[in-house]
Amino acid sequence: MPTGRLLAYGAPALPLAAMYFPVYVFLAEFYAGTHGLSLAEIGTVFILVRLFDAVSDPAVGIASDRLHTRWGRRRPWLAAGTPVVMLSAWMLFVPMPGVSLSQFALWLFLLTLGWTVMLTPYFAWGAELSGDYAERGRISVWRETLGLVGTIAAAVVYSFGADASEGMRYVALLIVIALPLAVLLCLWRVPEPKDYSRSASTPTALLQVLTGEPLFTRLLLAFFINGAANALPAGLFLFFIGQRIGAPDWGGPLLILYFGAAVLAAPLWPWLVQHFSKHRVWCWAMLYACVVFAAALLLREGDLLAFALICLLSGAALGADLSLPSAVQADLVDLDTARSGSQRTGAFFALWSLAQKFALAGSGGAALILLGWIGFGAEGGNDPAALAGLAILYAGVPIALKLVAVALMWSFPLGRSEQEALRRRIETTA
């Protein structure tokens, strides 16, 4: 694909990531520390909102597979979700004084709904842009790298604020300005490719995907477990840097360092995918991250330089976590299309999006609840036992989860030669 088209396709990922990042990194501390909500209440809301995704994600995925318009199957969803995301992001990030728990829950719910309407068709669209094994990795890396740029942009503009409220306002401004521009560019420059379906997707598509493709269930489980491993330190990062390391003012710069390392390492993953299987490259990246991240368990107050090095080294592996699983997922869509005759990309990525959201909100919400149970307080003054519990949740549990994901994916049987055979079969019978 031409670079310009890759940039246009990846453009919406930048403002969407700029929104996604503060929801899971800044929001809990913002509403607990600035607006007085308890960590347990916030964690419970995150989990309850995600329960709705069990309905909305499948509905959007199946509907986008079945929708046929003059503008395509995926484009209308991005256009429809944009104003919902803009409004709800502003109301959630720039709350009125005295905001209540119910108001927090309402705007988080609407933001999640708009997010679903956009994200599931957007990922499905990316999986359909190419049938080439390695090119799919390249498309995913471009999208996720631009998302990382959006994450860095959110961290930078947040750091410009004199306090948390002003920082969140700056992030909200970034989203409401950049999102419509990026979506318009994508809709203008990126075509929707040929639909290779020989039969229509049915309302039971998700059940057929789950019961008919055991490899998809295996990949989905590994993706969920690894997503939970990444969500734990993301949700606890500000608490860890502020109370375990004792350097709360360094949160923004260290996040920029972490995500900046991921951007700089991004060209490595397409190159490796040209020479090795995507699932094996992903496993190597997870193992590397485990080795680096284990050092975080040993950190104590004042170990700022050591923690900065951990952020730099572990951030280099993030791009693989973000881009390679969805590229493997696109190959599994080929397997399903060859067997069923229906190109159910939206249904596949609905389950994918659902797993991602549940991993992020479920593990992040559970971590906040567990912190409350062990007596950890967002306001500070925690005893050594609470700080040790924070370190275990931040670093120890994620390492164990990543090792489980590696065990699931190490011998995954769908590689380059198998995918190329599937594409020949699909394209000759369509």
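Let me sum up the structure you'll find in this document. All figures in this text were calculated on a predicted structure; none of them were measured in a lab.

### Some words on the packing of helix α15 (residues 318–340) against helix α18 (residues 416–429)
Contact pair α15 / α18: the axes reach a minimum separation of 9 Å and the direction vectors enclose 40°. One way to sum up the angle between α15 and α18 is to call them oblique. The interaxial crossing formed by α15 with α18 has left-handed handedness. Residues D331, D334, L335, T337, A338 and R339 of α15 lie in contact with α18, whose contacting residues are Q419, L422, R423, R425 and I426. A per-class count over the contact of α15 with α18 returns four nonpolar, two polar and five charged.

### Observations regarding helix α7 (residues 133–159)
The terminal C-alpha atoms of α7 lie 40 Å apart, and with 27 residues this matches the ideal 39 Å at 1.5 Å per residue to within 8%. Among the 27 residues that make up α7, 21 are buried, leaving the element largely enclosed by the rest of the structure. Two or three places before A134, at the opening of α7, D132 has a side-chain oxygen 3.2 Å from that residue's backbone nitrogen.

### Observations concerning helix α2 (residues 13–25)
Between the first and last C-alpha of α2 there are 18 Å, a value that for 13 residues agrees with the 18 Å anticipated at 1.5 Å per step. Those residues of α2 that sit buried are A13, P15, L16, A17, A18, M19, F21, P22, V23, Y24 and V25.

### Comments concerning the packing of aromatic side chains
A full pass over the atoms with the stated rule returns 18 aromatic pairs. Between F240 and Y394, the aromatic rings sit 4.1 Å apart at their centres with planes inclined by 10°, giving stacked as the arrangement. In this pair, F240 is assigned in helix α10 (residues 214–244) and Y394 in helix α17 (residues 384–409), connecting sequence segments 154 residues apart. The burial state of F240 is the same as that of Y394; both residues are buried. Clustering of aromatic rings is evident, with ring pairs tying together Y9, Y122, F123, W125 and F349. Lying across the ring of F123, R143 places its NZ or CZ 4.0 Å from the centre.

Basis of the calculations
Residues numbered from 1 in each chain as written. Predicted model: local features only at pLDDT ≥ 70, side-chain atom pairs only at ≥ 80, totals over all residues. Heavy atoms only, no water. Axes fitted to C-alpha atoms, helices over the stretch in contact; angles between N-to-C directions. Helix = DSSP H or I, 4+ residues; strand = E, 2+ residues; numbered from the N terminus. Parallel < 35°, antiparallel > 145°, perpendicular 65-115°, else oblique. Left-handed = near helix turned anticlockwise from the far one by under 90°. Contact = heavy atoms within 4.5 Å. Nonpolar A, V, L, I, M, F, W, Y, C, P; charged D, E, K, R; others polar. Expected span 1.5 Å × (residues − 1). Buried < 20%, exposed > 50% of the residue type's maximum accessible area, 1.4 Å probe, protein only. Polar contact = N/O pair within 3.5 Å; in protein donor to acceptor, adjacent residues only side chain to side chain. Phe/Tyr/Trp six-rings, centres within 6.5 Å; stacked < 30°, edge-to-face > 60°. Lys NZ or Arg CZ within 6 Å of the ring centre and 35° of its normal.

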